[in-house]
Amino acid sequence: MFLRRTAAASAAVVLGLGLAACGSSGGDENTLVISASSTPHVEILEQVVSTGALGDYSLDIREVTGEIDPNELLAAGDVDANFFQHEPYLVDWQKQNGVDNLVAVADVHLEPISLYSNKVTSLDEIADGDSIAVPRDTTNYARALYLLESAGLITMDVPFTEADLSVVTEANITENPKNLEFIQIERPQLARQLDDPQVTAAVINSNYALEAGLTPADDSIFTEEVEGNPFSNLLVVRAENENDPIVVALAEALESPETAAWIEETYSGSVVPVHPAN
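Residues numbered from 1 in each chain as written. Predicted model: local features only at pLDDT ≥ 70, side-chain atom pairs only at ≥ 80, totals over all residues. Heavy atoms only, no water.

**Concerning the overall build of the protein chain**
(1) Moving on: A tally of helices and strands in the protein chain yields eight helices and 14 strands.
(2) Moving on: Computed over its C-alpha atoms, the radius of gyration of the protein chain comes to 19 Å, within 12% of the 19 Å expected for a compact globule of 278 residues.
(3) Moving on: Its C-alpha atoms give the protein chain principal-axis dimensions of about 60 × 40 × 35 Å.
(4) Moving on: Buried positions account for 54% of the 278 residues belonging to the protein chain.
(5) Moving on: Taking the contacts inside the protein chain whose residues are at least 6 apart along the sequence as the reference set, 76% of them involve residues at least 24 apart. (Helix = DSSP H or I, 4+ residues; strand = E, 2+ residues; numbered from the N terminus. Rg over C-alpha atoms; globule rule 2.2 N^0.38 Å. Buried < 20%, exposed > 50% of the residue type's maximum accessible area, 1.4 Å probe, protein only. Contact = heavy atoms within 4.5 Å.)

Right, here's the structure in full:
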C-alpha cells in the first residue's frame with residue numbers, strides 16, 4: 001500500500017507527506033497535497049495545473065495505488081484533499097468510521113458504471129446460474145445491483161430513488177429469474193475477473209475500466225444512465241479548510257467550462273463533466 005507521487009506539468013514542488021497548506025503541519029501555503037485515483041482523477045488535476053488555472057498555487061499530487069484509504073489519510077491530516085469518490089461513498093465512509101468533518105467542495109465529473117464481459121456480448125446471453133462480479137464496498141455494491149435491475153436481470157424491493165444505498169444488499173432482491181450469483185470483489189480487481197472462467201460478467205467503475213483499457217461506450221454490454229445520476233465525483237477536504245484560497249481556486253478550476261470541455265474531448269463519454277462546457 002502506497003501513494004505514488006505524480007508530477008503535473010509545471011506543477012509543483014513535491015513536498016514531504018503532511019507538509020502543505022490547509023492546516024497540515026508546517027508547510028507551503030501555496031501548495032496543496034492531494035491524493036487521487038490515477039484515471040481520470042490524476043489526469044484531470046494535471047490538466048488543470050498545465051493550463052495555469054491555479055495561478056501561483058501548485059499541487060503535490062499523490063496517486064492512490066494498492067489498498068490505501070484516501071479518506072483515512074485526509075481525516076488524519078496526512079493530505080489536504082482527495083479526489084476519487086462520489087457522495088454516497090463519502091457519506092457511508094464517514095458513517096462507518098465515525099468521522100464527520102470531510103466535506104465536498106467541488107462536484108466534477110461522473111464515471112458511468114457498466115457491465116462488461118469477455119464471454120457474452122449481450123444481456124440475452126447471460127444464462128441461468130451465471131456469476132456476476134460486483135464491487136465489494138457498500139455503496140458501489142448497491143449501485144451495481146441497481147444497474148443490474150436497470151438491465152432487466154433482477155428486481156429490487158425499493159426504487160433506486162428511494163433507497164438508502166448504505167444498507168442495500170442482496171437481500172433486497174425480490175426477483176432473480178436467472179438465479180444469478182453475485183461475487184463481491186474489491187473495485188481495483190474487478191477488471192481481472194473478466195478472465196476468470198467462473199465469472200460471466202463484471203460490474204466495473206469507469207475509472208478502473210479505463211485503466212484496464214476498456215471503454216464503456218464500446219466495450220460494455222450495459223451502462224447506467226447519466227441523467228439524474230447521484231454518483232458524480234467530488235473534491236473533498238476537511239471542513240476547516242473548505243474556504244482556504246487554494247482549495248477555492250482548485251474547486252473553481254475543476255468546475256470550469258474549460259475543464260468540462262477537456263473532459264468531454266478526452267474521454268468521449270467514458271467520463272462526463274457535471275458542469276457543462278458551454
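**Details of the sheet that holds strand β6 (residues 114–116)**
(1) Moving on: With mixed pairing, five strands are arranged side by side in an open sheet as β10-β7-β11-β6-β12. Looking at strand neighbours, the two that pair on one side only are β10 (181–185) and β12 (222–223), the edges of this open sheet.
(2) Moving on: Pairing of strand β7 (residues 131–135) with strand β11 (residues 201–204) involves two bridges; the strand directions are parallel. The residue bridging Ile132 from the neighbouring strand is Ala201, located in β11. (Pairing = 2+ DSSP bridges.)

**Re the side chain of Ser232**
(1) Moving on: With respect to the helices, strands and loops of the structure, Ser232 is situated in strand β13 (residues 232–238).
(2) Moving on: Overall, Ser232 belongs to the buried group, its relative accessible area being 10%.

**Looking at helix α8 (residues 257–267)**
For an α-helix the count is 3.6 residues per turn, leaving residues at separations of three or four pointing the same way.
(1) Moving on: Taken as a whole, α8 has its buried residues at Thr259, Ala260, Ile263 and Tyr267. Mapping the buried residues of α8 onto a view down its axis gives an arc of 100°, with all of them on the same face. Turned more than 90 degrees away from the buried face of α8 sit Glu258 and Glu265, all of them exposed.
(2) Moving on: Looking at the buried side of α8, the elements it contacts are α1 (38–50), β5 (102–110), α5 (206–211), α7 (245–254) and β14 (272–273).
(3) Moving on: Remark: Ser268 follows α8 within two positions and exhibits a positive phi of approximately 45°. (Arc of directions from axis to C-beta.)

**Here we look at the confidence of the model for the protein chain**
(1) Moving on: Residue-level pLDDT values for the protein chain average 89, and 90% of them are 70 or greater.
(2) Moving on: Every residue in residues 1–21 is under pLDDT 50, and counting partners more than four places away or in other chains gives 70 contacts. (pLDDT = per-residue confidence, 0-100.)

**Considering the nonpolar core**
Note on soluble globular proteins: their nonpolar side chains tend to be buried together.
(1) Moving on: Membership of the largest hydrophobic core comes to 29 residues, with the highest contact counts inside it found for Leu115, Ile132, Phe182 and Val203.
(2) Moving on: Where this core is concerned, the elements lending two or more residues are β7, α4 (138–150) and β11.
(3) Moving on: For this core, the element with the highest residue contribution is α4, accounting for seven residues.
(4) Moving on: Among all residues touching Ile132, those that are not within four sequence positions of it are Leu115, Leu148, Leu180, Glu181, Phe182, Ile183, Ala201 and Val203.
(5) Moving on: Of all hydrophobic cores here, the second largest spans 28 residues; its members include Ile34, Val48, Val105 and Leu235. (Core = buried A, V, L, I, M, F, W, Y, C linked by side-chain atoms within 4.5 Å.)

**Here we look at α4**
(1) Moving on: For α4, spanning 13 residues, the distance from its first C-alpha to its last is 19 Å, which sits close to the expected 18 Å at 1.5 Å a residue.
(2) Moving on: Burial analysis of α4 places ten of its 13 residues in the buried class, which makes it a mostly covered element.
(3) Moving on: Among the residues of α4, those classed as buried are Thr139, Asn140, Tyr141, Ala142, Arg143, Ala144, Leu145, Tyr146, Leu147 and Leu148.
(4) Moving on: Of the residues trailing α4, Gly152 is marked for its positive phi of about 85°. (Expected span 1.5 Å × (residues − 1).)

**Examining the environment of Val271**
(1) Moving on: Looking at the secondary structure, you find Val271 in the loop between α8 and β14.
(2) Moving on: Once residues within four sequence positions are removed from consideration, Val271 is found in contact with Pro40, His109, Leu110, Glu111, Leu210 and Ile263.

**Comments concerning the pairing of β13**
(1) Moving on: Counting buried positions along β13 gives seven out of seven residues, so the element sits mostly inside the fold.
(2) Moving on: Note: strand β4 (residues 81–86) against β13, five bridges, orientation antiparallel. Residue pairing for β13: Ala81 is matched across the bridge by Val237.
(3) Moving on: Relative to β13, β5 runs antiparallel, the two sharing seven bridges. Counted as the bridge partner of Leu110 is Ser232 from β13.

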